[in-house]
Amino acid sequence: MSDKVQSPVSDLTGAPLPTERTLRYRRNLAVQSWKFALFNARILRMVLRGRH
Amino acid sequence: MSDVVILGAGVAGHTAALHLSRLLGREHRITVVSPNSHWNWIPSNIWVGVGKMSKQDVVFPLAPIYARRHIRFIQAKAVAIRPYGDAESDRPAVDIVHTSPPEDGREERIRYDFLVNATGPNLRFGATEGLGPQHGTTVSVCTADHAVEAAGRLRGVIERCRAGEHQTLVVGMGHGTCTCEGAAFEYVFNVDNELREAGVRDLARVVYLTNESRLGDFGVGGMVFNEGGYQTTSELWTESLFRERGVEPILGAHVERVEPGTVHFETLDGTHHALDFDFAMLLPPFGGVPLAAFDRDGTEITQQLFAPSGFMKVDADYSGKPYEQWSASDWPQTYQAQGFDNIWAVGIAFAPPHQISRPLTSANGTVITPSPPRTGMPSGVMGKTVALTIADRIRRGPRAEAHRASMADMGAACVASAGANLRTGSAAAMTMMPIVPDYTRFPTGRSLDDTRGELGLAGHWVKLLLHYMFIYKAKARPGWFLIPE
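Residues numbered from 1 in each chain as written. Chains lettered and ligands numbered in written order. Predicted model: local features only at pLDDT ≥ 70, side-chain atom pairs only at ≥ 80, totals over all residues. Heavy atoms only, no water.

Comments concerning the packing of helix α2 (residues 29–49) of chain A against helix α10 (residues 457–474) of chain B
Now for step 1: One way to put it is that α2(A) packs onto α10(B) with a least axis distance of 8 Å and a crossing angle of 50 degrees. When the interaxial angle is binned, α2(A) and α10(B) end up oblique. Every pair of crossing elements has a handedness; the one defined by α2(A) and α10(B) is right-handed. In this structure, α2(A) uses A:Leu29, A:Gln32, A:Ser33, A:Lys35, A:Phe36, A:Phe39 and A:Asn40 to contact α10(B), whose residues at the interface are B:Leu457, B:Ala458, B:Trp461, B:Val462 and B:Leu465.
Now for step 2: Broken down by class, the residue content of the contact of α2(A) with α10(B) amounts to eight nonpolar, three polar and one charged. (Axes fitted to C-alpha atoms, helices over the stretch in contact; angles between N-to-C directions. Helix = DSSP H or I, 4+ residues; strand = E, 2+ residues; numbered from the N terminus. Parallel < 35°, antiparallel > 145°, perpendicular 65-115°, else oblique. Left-handed = near helix turned anticlockwise from the far one by under 90°. Contact = heavy atoms within 4.5 Å. Nonpolar A, V, L, I, M, F, W, Y, C, P; charged D, E, K, R; others polar.)

Rendered as structure tokens:
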């Protein structure tokens, strides 16, 4: 156990935190409904574009 | 009449079986050999593992589906392939051992004209001492039963927190060569959400222990996104989520052993560490399901068909060239086994040519690099592709060209829920195109139009939609084949 050192947790203090506005957008039904449609459209486009 | 035998009934094998039943007439026989009687939508095991879904929500019996689709189902595990036949016949064969009463343990040899190896992963908990729910002290979400146990243990942790005890929860990878980082990522944020809903988050330390050298690697070497007119990385995007939720990441870790309440690991700098825990969900490394191969005279030829990892060698470049020379063309396109035009390996069963993430070793020489993910969407695409090839070869003859579906040409979606509620839920939803980066086509390795990361409620809706849509498809309900893989 002598070679054990403290668990090396990464320092995330430089990572950006979302603003209050961003957090509201992430739960806004209108915004999220639009993003839901866009995400599904993107998956469909990937399926159609994929060379298989 | 042709005999098509499919080993395994996971996403890849089940998809291949359903498409073959659609493409071929009843004069041909499709046989699925699987040791499991039920199909499991594994991505939703995450929700079972936090108690948001029951086991019954994510599994269903295979036999009724196969009976309806005129597919022969044998509940058994394959143990050997005889691609040249045996002393009795030159027809290729597979040795199987039944796994269900009353035939449990009975050995049988079945003949095939076309063989699909879709055996999925061998969960190698034994690779790390003390890992796993059976012989160790950690839990898993790899199977629905494992997830049920994980949910029970998590409930215990939450109860102890409610009683005022501080608890440490560790979620991540149980070995330096694990894959499926996305599953551990998803589970850690579901655990975080459960603790918040229970009002005890401040009493819990949540640690994400991973073999990724950077957050956001996900075993695919990370991604570059186009965000607000700037190129940003999945690393920054993921770090932001970890910081926001207060989840502590430990990167570049190889778990050496687990003792009751303590996980011992080495990190890329070569130092060794011990971390005490009250709850640990650590995924095992995957290997190929043990399968031997024999020549017609009984000589073992396992090494001809399989890589040392137990995965089947297909039309990939296994030359072992250095990272700097890796290219998208190293990856298989047809999944046809080397040297055989009637055997394929799909899903996790095929041997990847190398990792996708940059290979790294610790200062002590320990390999600490994620293995390439090939579950879910790519597995389904591979299953369908091979089904199309087999159908063409049966209908048009053995010279019919193989269909192709390289992971360097197909996209994938990874939706990691981080809270399951229709109004307040959230998810990290990512799409990437292609899975294996191709720097000859895209400066960042992938299409910036299709490689995106989104956080929010919409991702949770997508995850829920995929759950119901893929179970509908797997049950072969009307119009199932219109749902893309």
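Still more to cover.
Thoughts on helix α1 (residues 11–23) of chain B
Residue and element names in this part refer to chain B.
Now for step 1: End to end, α1 covers 18 Å across 13 residues, agreeing with the expected 18 Å (1.5 Å per residue, within 8%).
Now for step 2: Of all 13 residues making up α1, 11 are buried, and the element is well covered by its neighbours.
Now for step 3: Along α1, the residues that are buried comprise Ala12, Gly13, His14, Thr15, Ala16, Ala17, Leu18, His19, Leu20, Ser21 and Leu23.
Now for step 4: Against the buried residues of α1 lie β1 (3–7), β2 (29–34), β3 (38–40), α4 (63–68), α9 (377–396) and α10. (Expected span 1.5 Å × (residues − 1). Buried < 20%, exposed > 50% of the residue type's maximum accessible area, 1.4 Å probe, protein only.)

A closer look at the interface of chain B and chain A
Now for step 1: Facing the 51 residues of chain B at the interface are 34 residues of chain A.
Now for step 2: Taking both partners together, chain B and chain A bury about 3,800 Å²; carbon and sulfur atoms supply 64% of that area.
Now for step 3: When the buried surface of chain B facing chain A is broken down by residue, B:Arg243, B:Asp450 and B:Trp461 rank first, second and third, together holding 15% of it.
Now for step 4: With a shortest N-O distance of 3.2 Å, B:Glu454 and A:Lys35 are connected by a salt bridge.
Now for step 5: Where chain B packs against chain A, one counts 12 residue pairs in polar contact (both at pLDDT 80 or more).
Now for step 6: Looking at which element gives the most residues to the side of chain B that touches chain A, the answer is helix α7 (residues 234–245) of chain B, with six residues. (Buried area = accessible area lost by both parts, 1.4 Å probe. Salt bridge = Lys/Arg side-chain N within 4 Å of Asp/Glu carboxyl O. Polar contact = N/O pair within 3.5 Å; in protein donor to acceptor, adjacent residues only side chain to side chain.)

Things to note about the packing of aromatic side chains
All names here are of chain B.
Now for step 1: Summed over all chains, the structure comprises 16 aromatic pairs over all chains.
Now for step 2: Between phenylalanine 189 and phenylalanine 242 the ring centres are 5.0 Å apart and the planes differ by 80 degrees, which places this aromatic pair in the edge-to-face class. Placement of phenylalanine 189 in helix α6 (residues 181–197) and of phenylalanine 242 in helix α7 is noted, with a sequence separation of 53 residues between them.
Now for step 3: Note on phenylalanine 242: relative accessible area 1%, which makes it buried.
Now for step 4: An aromatic cluster of three or more residues is present, and its members are Phe185, Phe189, Tyr208, Phe218 and Phe242.
Now for step 5: Over the face of the ring belonging to phenylalanine 311 we find arginine 374, whose NZ or CZ atom lies 4.8 Å from the ring centre.
Now for step 6: Above the ring of tryptophan 47, the side-chain terminus of lysine 463 is found at 5.4 Å from the ring centroid. (Phe/Tyr/Trp six-rings, centres within 6.5 Å; stacked < 30°, edge-to-face > 60°. Lys NZ or Arg CZ within 6 Å of the ring centre and 35° of its normal.)

Let's talk about the sheet that holds strand β23 (residues 427–432) of chain B
Residues and elements named next belong to chain B.
Now for step 1: The strand order across the open sheet formed by three strands is β22-β23-β24, and the pairing between neighbours is antiparallel. Of all strands in the sheet, those with a lone pairing partner are β22 (412–417) and β24 (452–456), marking the two edges. Shown here is a sheet whose adjacent strand axes are inclined to one another by a mean of 10 degrees, direction ignored.
Now for step 2: Relative to β24, β23 runs antiparallel, the two being bridged by five bridges. Note on β24: the bridge partner recorded for methionine 430 is glycine 453.
Now for step 3: Its contacts with the sheet place α10 against β22, β23 and β24, and it is angled at close to 110 degrees to β22. (Pairing = 2+ DSSP bridges.)

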